[in-house]
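An overview of the molecular structure
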Amino acid sequence: MIKKVLGLLFICVSLLSQAQQVVTNDSPQMADAFRQEGKIYVVIAVIALIFLALVCFLIYIERKVKKIEDKVFKG
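Parameters and conventions
Residues numbered from 1 in each chain as written. Predicted model: local features only at pLDDT ≥ 70, side-chain atom pairs only at ≥ 80, totals over all residues. Heavy atoms only, no water. Helix = DSSP H or I, 4+ residues; strand = E, 2+ residues; numbered from the N terminus. Buried < 20%, exposed > 50% of the residue type's maximum accessible area, 1.4 Å probe, protein only. Areas by Shrake-Rupley, 256 points an atom, 1.4 Å probe, with all protein chains shown as cover. Patch = residues over 30% accessible without salt bridge, like charges linked within 9 Å, V, L, I, M, F, W, Y side chains within 5 Å. Salt bridge = Lys/Arg side-chain N within 4 Å of Asp/Glu carboxyl O. Lys, Arg positive; Asp, Glu negative; His and termini not counted. Charge placed at Lys NZ, Arg CZ, Asp CG, Glu CD. pLDDT = per-residue confidence, 0-100.

Before going further, it helps to spend a moment on the overall build of the chain. The secondary structure content of the chain amounts to three helices and zero strands. What you see in the chain, going N to C, is helices and strands ordered as α-α-α. Here the chain holds 75 residues, and the buried ones make up 3% of them. For the chain, the exposed surface amounts to about 7500 Å²; the carbon and sulfur share of it is 70%.

Here it is as C-alpha coordinates:
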(Lines give C-alpha, C1' and ligand atoms only; values in the text may rest on other atoms or scores of the structure.)
Protein backbone atom coordinates (compact mmCIF):
# COMPACT_ATOMS: atom_id res chain seq x y z
CA MET A 1 0.00 0.00 0.00
CA ILE A 2 2.76 2.42 0.93
CA LYS A 3 4.66 1.64 -2.28
CA LYS A 4 1.57 2.44 -4.35
CA VAL A 5 0.99 5.75 -2.54
CA LEU A 6 4.65 6.76 -2.89
CA GLY A 7 4.63 5.78 -6.56
CA LEU A 8 1.54 7.91 -7.18
CA LEU A 9 3.12 10.79 -5.27
CA PHE A 10 6.29 10.63 -7.35
CA ILE A 11 4.28 10.55 -10.57
CA CYS A 12 2.28 13.61 -9.50
CA VAL A 13 5.40 15.52 -8.50
CA SER A 14 7.11 14.72 -11.80
CA LEU A 15 4.06 15.85 -13.76
CA LEU A 16 3.84 19.09 -11.79
CA SER A 17 7.52 19.83 -12.25
CA GLN A 18 7.22 19.43 -16.01
CA ALA A 19 4.13 21.65 -16.15
CA GLN A 20 5.87 24.74 -14.81
CA GLN A 21 6.28 27.66 -17.16
CA VAL A 22 9.77 28.91 -17.90
CA VAL A 23 10.18 32.50 -16.68
CA THR A 24 12.84 34.77 -18.13
CA ASN A 25 13.30 36.63 -14.84
CA ASP A 26 15.34 35.13 -12.01
CA SER A 27 12.44 34.99 -9.54
CA PRO A 28 8.65 34.65 -9.85
CA GLN A 29 6.87 37.98 -9.71
CA MET A 30 3.91 36.72 -7.69
CA ALA A 31 6.17 35.37 -4.94
CA ASP A 32 7.99 38.69 -4.79
CA ALA A 33 4.70 40.56 -4.45
CA PHE A 34 3.53 38.26 -1.66
CA ARG A 35 6.88 38.57 0.08
CA GLN A 36 6.82 42.38 -0.08
CA GLU A 37 3.30 42.54 1.33
CA GLY A 38 4.00 39.93 4.00
CA LYS A 39 1.32 37.58 2.67
CA ILE A 40 3.72 34.77 1.81
CA TYR A 41 3.39 33.46 5.37
CA VAL A 42 -0.38 33.27 4.98
CA VAL A 43 0.04 31.26 1.78
CA ILE A 44 2.50 28.90 3.46
CA ALA A 45 0.20 28.51 6.48
CA VAL A 46 -2.79 27.66 4.28
CA ILE A 47 -0.80 25.10 2.30
CA ALA A 48 0.50 23.54 5.52
CA LEU A 49 -3.00 23.42 6.98
CA ILE A 50 -4.40 21.71 3.88
CA PHE A 51 -1.55 19.19 3.90
CA LEU A 52 -2.03 18.46 7.60
CA ALA A 53 -5.78 18.02 7.13
CA LEU A 54 -5.20 15.56 4.28
CA VAL A 55 -2.72 13.53 6.34
CA CYS A 56 -5.12 13.40 9.30
CA PHE A 57 -7.99 12.38 7.02
CA LEU A 58 -5.92 9.58 5.47
CA ILE A 59 -4.92 8.29 8.90
CA TYR A 60 -8.57 8.35 10.00
CA ILE A 61 -9.71 6.46 6.90
CA GLU A 62 -6.88 3.94 7.27
CA ARG A 63 -7.93 3.16 10.86
CA LYS A 64 -11.56 2.68 9.82
CA VAL A 65 -10.55 0.37 6.96
CA LYS A 66 -8.32 -1.62 9.31
CA LYS A 67 -11.21 -2.13 11.76
CA ILE A 68 -13.51 -3.26 8.95
CA GLU A 69 -10.85 -5.63 7.61
CA ASP A 70 -10.39 -7.14 11.07
CA LYS A 71 -14.16 -7.67 11.43
CA VAL A 72 -14.50 -9.23 7.98
CA PHE A 73 -11.51 -11.55 8.09
CA LYS A 74 -11.69 -12.56 11.77
CA GLY A 75 -15.47 -12.65 12.16
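Now that the structure is up, let's keep going.
A contiguous nonpolar patch, built from Ile 2, Leu 6, Leu 9, Phe 10 and Val 13 and spanning about 520 Å² of accessible area, is present on the exposed surface. With respect to the helices and strands, Leu 9 occurs in helix 1 (residues 2-18). Residue Leu 9 is classed as partly exposed on the basis of its relative accessible area, which comes to 46%.

Secondary-structure assignment places Val 43 in helix 3 (residues 40-74). In sequence terms Val 43 and Ala 31 are twelve residues apart; their C-alpha atoms lie 10.0 Å from each other.

Once that is clear, we can look at a positive patch on the surface. Residues Arg 63, Lys 64, Lys 67 and Lys 71 make up a contiguous surface patch of positive charge. Among the secondary structure elements, Lys 64 is positioned in helix 3.

Per-residue confidence for the chain gives a mean pLDDT of 81; residues scoring 70 or more make up 80%. Within the chain, no element has a lower average pLDDT than helix 1, which sits at 73, and none a higher one than helix 3, at 94.

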